[in-house]
Amino acid sequence: MIEKIIKEANEQYLRYSTRRHFLQECITGLGAMAMGSLVGSCGTGTGTGSARMPAMNGLDPLLPKPPHFPARAKSVIYLHMAGAPSQLELFEYKPELAKLHNQLCPPSLLEGKRFAFIRGVPKMLGSQATFTQHGQSGAWVSNYLPHLASVVDEVSFLKAVQTDQFNHGPAQLFVHTGSPRLGRPGMGSWVTYGLGSENSDLPGFVVLTSGGKTPDGGKSLWGSGFLPSVYQGVQCRSKGDPVLFVSDPEGMSRQLRKQSIDAINEVNRREYEAFGDPETLSRIAQYEMAYKMQISVPEVMDISSEPEYIHQLYGTQPGKESFANNCLLARKLVEKGVRFVQLYDWGWDSHGAFPNEAINLGLRNKCREIDRAQTALLIDLKQRGLLDEVLVVWGGEFGRTPMQENREGKEMPFLGRDHHVDAFTIWLAGGGIKKGTTWGETDEIGFSPVKGKVGVHDVQATILHALGLNHEQLTYQFQGRPFRLTDVAGEVIQPILA
Amino acid sequence: MEEGSIGLFIGRWHPLLVHLPIGMLLMAAVLELLRRHPRYAKVQVAIGPVLFAGMLSAIAACIAGYCLSLSGGYEEAALRRHQWLGIAVAVLSVIVYLYHQRSAAWQIHRKRYIAAALWMLLVILVAAAGHYGGSLTHGNGYLMQAAPPFLQRWLGGKGGGAGTVVIRDVQEARAYRDVIRPVLATHCYSCHGNDKQKGALRLDSMAFIRKGGENGPVLKAGGPEESELFKRITLPEDDEHHMPPKGRPQLSPHEALLLQWWIAQGAPFDKKVKQLQQPPAVKPLLAALQAEDAIKMHPFVPGKAPGKAGSAAIHALVQRGLKVMPVSEENDYLQVNAFNDTAFDNTHTALLLPLKKQLIWLQLGHTRITDAGLRNIAALPALTRLHLDHTAVSDNGLDALRTLEGLAYLNLTATKVTDQGLDKLAGLKSLKQLYLYQTAVTAGGVQRLQRRLPQLRIDTGGYQIPFIAADTIVYR
């Protein structure tokens, strides 16, 4: 009996003799010093590749930093239509395709290509929308987006954007993090890492979702990847509590909360001095940000204080989760200096399996949901003098095929299109972007680009360029090499820059 | 003088040998000065041997230099100058040496002045010969170009570097003049230009390029692979025929590609870029030539260099919660945001004044500033962008803003400005954007201002999106 207790006591004692103890305490800690010098440069955030990391002396990681050259835009609002909106029903006018409607797809188009769901030989599908030209620029916009058509002169289209991922998850990751694999930081994280935040009371990177579901790429789309987690996107909700768990529980006053956060941060600061882990700085910053957000976020996320005509302009639905609410919130956030606001709207995957996936039914409903709101966003930013300083980007993760989807070779109950990687449409408006232009052209059925082909990395490089960042110089040292948003590719798309 | 001959070999020793007389003769002159001081009288014995060595090496350098000049490719006038100065140095060094050896015998009073004159002449000639020798190798203005601007101005040299071509629209630019010639100027003119013509080749004008050099034409229009001009650039860098020679600044792959493209298009000397075919590999390179310009032409950033702002002034602002950041890493202009200092009011505007040279963008929306505070704001002459939205600013304050000549963007959304205030803005000739949403201005006032400032874009907001039937149709 006694042996058991002694044995247990010995084991407990031995448990405290960790490797850390040996390295730190024995031989006056020479082991720890040696290890530090060996792996010191392996740490994340060290090395010349992380030129934008705040110096390791406790500086605020969200301190605003100057861009490489003068920026045209200070903030970005990215409207991502998760699921991939059909460019052939919205912006790509292809009368030739209409002539081929219901004809069998010629084999030359199918050769060597792999589709997500199309099997065998599908039929061609002409556009279900009617197109007209609008504005002074003469841009083609369909009747699915009548309101956007009225402001199309503010917008620049990229009609020949290419990607190489035909599944939602990897494709969304590719668009937002620069790689189809998980683990890389999102665009907003890169931007806040590069530029900091102009308003220290609000997070620099905010994400709002609508459409009922989170996009397929998941929360990694706005994750901070290998960047310090302070640069992570903060997902706010337009229904209920704006940020979950940010408000104090019952019985805790704000004063008490401040005291406990100060105590925690004091411990963290000492921890940082001892170990130098940049993630600790992140933690300190996040605690302080969370404290400030308790006041600032409910204030900025409260759309009920807006006048009635603003609500009518956007078509908001207070109390519910809607894209219109999110657009109004996006405007309020950039007004307050938030760097990067991402809006995800789910439900654009028009395969044709269900009525809400039909390009002549469900797609029209989705368009109706966003049309007024995105137009209102552009107009509202413009009248407040912000459109010059804010870059608005709209797009999906890939396009849709000119062919009708025939899942497993069978005809679908509704009209739908499959995923198409070779060509899709993105539009940009605002800071640094020319007004009323189109860059890129696809062939007469909208299958392949023929002119002005750009890749996803090029779009990312252009967004960074508008913010004043050279995409090749915004790097972070990780796993032994400098990483950047555009990986090893990407060229700024000069023709659409003002 | 063909390659491999002994003459050329000796000639190539000139750049090595010539440094010896420079060092030694100048050292001899220094020792000669030094020996007059009682403490260093002992160096007297060194002057003789140093002079002797300097004399011999000067003669050897002259011989080698003459052999080198026979290889040709140097501009005649400069070569002659350097040659005669070098020979003069050698001759004078012999005279000074002999004089020095016999100085004891000739220690007569007035001869001391002759000795001093000879020494000074020697030093001057060494400097002059050396300078012209350097110009022969590195081109005129080699030192001056690298001097800092204040020194250049003081010495009266040409300021700045070689005139860089600023291409506003690369498609409208001339292919040879604006794209290819700058590349040749940077990498080729120093040896194949006005001052020197190595291989009897000049590349600094259309006629000279067409004429070619001692080995024949260097350009075959339409065939870059058969044009020496391009072939030599693509040789391995170690190859003896590779151009530019090893050790000189090399052409970047982009520049080489542009040269290849130009030759392949028929080496046109007068066509514009847009008249030529532009394969996809070349398009981004051409666009990049224009991009530099696009970045520099930011509409709200003035082009001058304001100098750094004082850190104490910046610190005072940051203490208040204002964000002070440089506009970019390229220049010292600053922007100030008051997002986190909504208590900013008139008394604090004085804190901005120390930054008046650097401050160009000022964001004071939602603060407590009023008309009185605008007086200090008006004392910031560099301002191009000013946000005063959602403040208590009214027409009276706009009086003060009249002095802001560089102001290009003014945001007065949700302020108390009326038509009267608009009239006060009519003197701001640089104003490009004015935002008056949620103010009490009327169409009449706006029109009046628009007439006086036709370049100005005035936005009064209040846009409506009409309700249409499609807004409520649900498709099932």
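Residues numbered from 1 in each chain as written. Chains lettered and ligands numbered in written order. Predicted model: local features only at pLDDT ≥ 70, side-chain atom pairs only at ≥ 80, totals over all residues. Heavy atoms only, no water.

Looking at the packing of aromatic side chains
Phase 1: Within this structure, the stated rule accounts for 22 aromatic pairs over all chains.
Phase 2: Look at Trp190 of chain A and Tyr193 of chain A: their rings are 6.0 Å apart centre to centre, the planes differ by 70°, and that puts the pair in the edge-to-face class. Placement of both Trp190 of chain A and Tyr193 of chain A in helix α9 (residues 187–195) is noted, with a separation of three residues, approximately one turn of the helix.
Phase 3: The class of Trp190 of chain A is buried, set by a relative accessible area of 1%.
Phase 4: Residues Tyr176 of chain B and Phe269 of chain B carry aromatic rings whose centres are separated by 4.7 Å and whose planes lie at 65° to one another, so their mutual orientation is edge-to-face. Pair noted here: Tyr176 of chain B is in helix α9 (residues 175–187) and Phe269 of chain B is in the loop between α12 (253–264) and α13 (283–296), with a separation of 93 residues, a long-range link. Residues Tyr176 of chain B and Phe269 of chain B agree in their burial class; the two are buried. (Phe/Tyr/Trp six-rings, centres within 6.5 Å; stacked < 30°, edge-to-face > 60°. Helix = DSSP H or I, 4+ residues; strand = E, 2+ residues; numbered from the N terminus. Buried < 20%, exposed > 50% of the residue type's maximum accessible area, 1.4 Å probe, protein only.)

Some details on the interface of chain B and chain A
Quoted interface sizes are often the accessible area lost when the parts come together.
Phase 1: Across the boundary between the two partners, chain B contributes 48 residues, which contact 42 residues of chain A.
Phase 2: The junction of chain B with chain A conceals about 3900 Å² of combined surface from both sides, 55% of it contributed by carbon and sulfur atoms.
Phase 3: Together, Phe339, Ile465 and Tyr475 of chain B form the three largest contributors to the area buried by chain B at its contact with chain A, with a combined 18%.
Phase 4: On the surface where chain B and chain A come into contact, there are two salt bridges.
Phase 5: Of the charged contacts, one joins Arg372 of chain A and Asp471 of chain B as a salt bridge, the two residues approaching to 3.1 Å between their closest N and O atoms.
Phase 6: For the interface between chain B and chain A, the tally reads 22 residue pairs in polar contact (both at pLDDT 80 or more).
Phase 7: Listed by contribution, the elements that provide at least two residues to the side of chain B that touches chain A are α13, β1 (323–326), β2 (334–337), β4 (385–387), β5 (409–411), β6 (433–435) and β7 (457–459) of chain B.
Phase 8: For the side of chain B that touches chain A, the class distribution of residues is 24 nonpolar, 16 polar and eight charged. (Contact = heavy atoms within 4.5 Å. Buried area = accessible area lost by both parts, 1.4 Å probe. Salt bridge = Lys/Arg side-chain N within 4 Å of Asp/Glu carboxyl O. Polar contact = N/O pair within 3.5 Å; in protein donor to acceptor, adjacent residues only side chain to side chain. Nonpolar A, V, L, I, M, F, W, Y, C, P; charged D, E, K, R; others polar.)

Examining the packing of helix α10 (residues 254–275) of chain A against helix α11 (residues 278–300) of chain A
Residue and element names in this part refer to chain A.
Phase 1: Relative to each other, α10 and α11 sit at 170°, their axes nearing to 9 Å. Classified by the angle between their axes, α10 and α11 sit roughly antiparallel to one another. Residue-level contacts link Arg254, Arg257, Lys258, Ile261, Ile264, Asn265, Asn268, Arg269, Glu271 and Tyr272 of α10 to Pro278, Thr280, Leu281, Arg283, Ile284, Tyr287, Glu288, Tyr291, Gln294 and Ile295 of α11.
Phase 2: Within the contact of α10 with α11, the residues separate by chemical class into nine nonpolar, four polar and seven charged. (Axes fitted to C-alpha atoms, helices over the stretch in contact; angles between N-to-C directions. Parallel < 35°, antiparallel > 145°, perpendicular 65-115°, else oblique.)

Side note on the packing of α9 of chain B against α12 of chain B
All names here are of chain B.
Phase 1: It is the contact of α9 with α12, at a shortest axis distance of 11 Å, that shows an interaxial angle of 130°. As far as their axial angle goes, α12 and α9 are oblique. For the pair α9 and α12, the crossing hand works out as left-handed. Each of Ala175, Tyr176, Val179, Ile180, Val183 and His187 in α9 lies in contact with α12, whose residues at this interface are Glu255, Leu258, Leu259 and Trp262.
Phase 2: Here the residues of the contact of α9 with α12 sort into eight nonpolar, one polar and one charged. (Left-handed = near helix turned anticlockwise from the far one by under 90°.)

Overview of the nonpolar core
Across soluble globular proteins, nonpolar side chains show a tendency to be buried alongside one another.
Phase 1: Of all hydrophobic cores here, the largest spans 112 residues; its most connected members are Leu79 and Trp427 of chain A.
Phase 2: Those residues within four positions of Trp427 of chain A in sequence are excluded, and the remaining contacts are Leu79, Phe91, Leu148, Val155, Ser156, Phe157, Gln374, Leu378, Val392, Val393 and Trp394 of chain A.
Phase 3: Counting 43 residues, the second largest nonpolar core, distinct from the first, contains Ala338, Val417, Leu431 and Ile458 of chain B. (Core = buried A, V, L, I, M, F, W, Y, C linked by side-chain atoms within 4.5 Å.)

Considerations on the confidence of the model for chain B
Residue and element names in this part refer to chain B.
Phase 1: Per-chain confidence: chain B averages 84 in pLDDT, with 91% of residues scoring 70 or above.
Phase 2: Mean pLDDT across the elements of chain B ranges from a minimum in α13, with 62, to a maximum in β4, with 94.
Phase 3: Counting interchain partners and residues more than four positions distant, the pLDDT-below-50 stretch residues 157–163 has five contacts.
Phase 4: For this predicted complex, the interface score ipTM comes out at 0.84, alongside a pTM of 0.71. (pLDDT = per-residue confidence, 0-100.)

Describing a nonpolar patch on the surface
Residue and element names in this part refer to chain B.
Phase 1: Residues Ile6, Phe9, Ile10, Trp13 and Leu16 make up a contiguous nonpolar surface patch of about 530 Å² in total accessible area.
Phase 2: With three residues, the single largest contributor to the nonpolar patch is helix α1 (residues 6–11).
Phase 3: Looking at the element boundaries, Leu16 is found in helix α2 (residues 14–17). (Patch = residues over 30% accessible without salt bridge, like charges linked within 9 Å, V, L, I, M, F, W, Y side chains within 5 Å. Areas by Shrake-Rupley, 256 points an atom, 1.4 Å probe, with all protein chains shown as cover.)

Thoughts on unusual backbone geometry
Phase 1: Cis rather than trans, the peptide bond between Met243 of chain B and Pro244 of chain B has omega equal to -15°.
Phase 2: Phi is positive for Ala84 of chain A, close to 85°, though the residue is something other than glycine.
Phase 3: Structurally, Ala84 of chain A can be placed in the loop between β1 (75–82) and α4 (87–90).
Phase 4: Positive phi is not limited to glycine here, since His366 of chain B has a value of about 65°.
Phase 5: Residue placement: His366 of chain B occurs in the loop between β3 (359–363) and α15 (374–378).
Phase 6: You can call His366 of chain B partly exposed: its relative accessible area is 38%.

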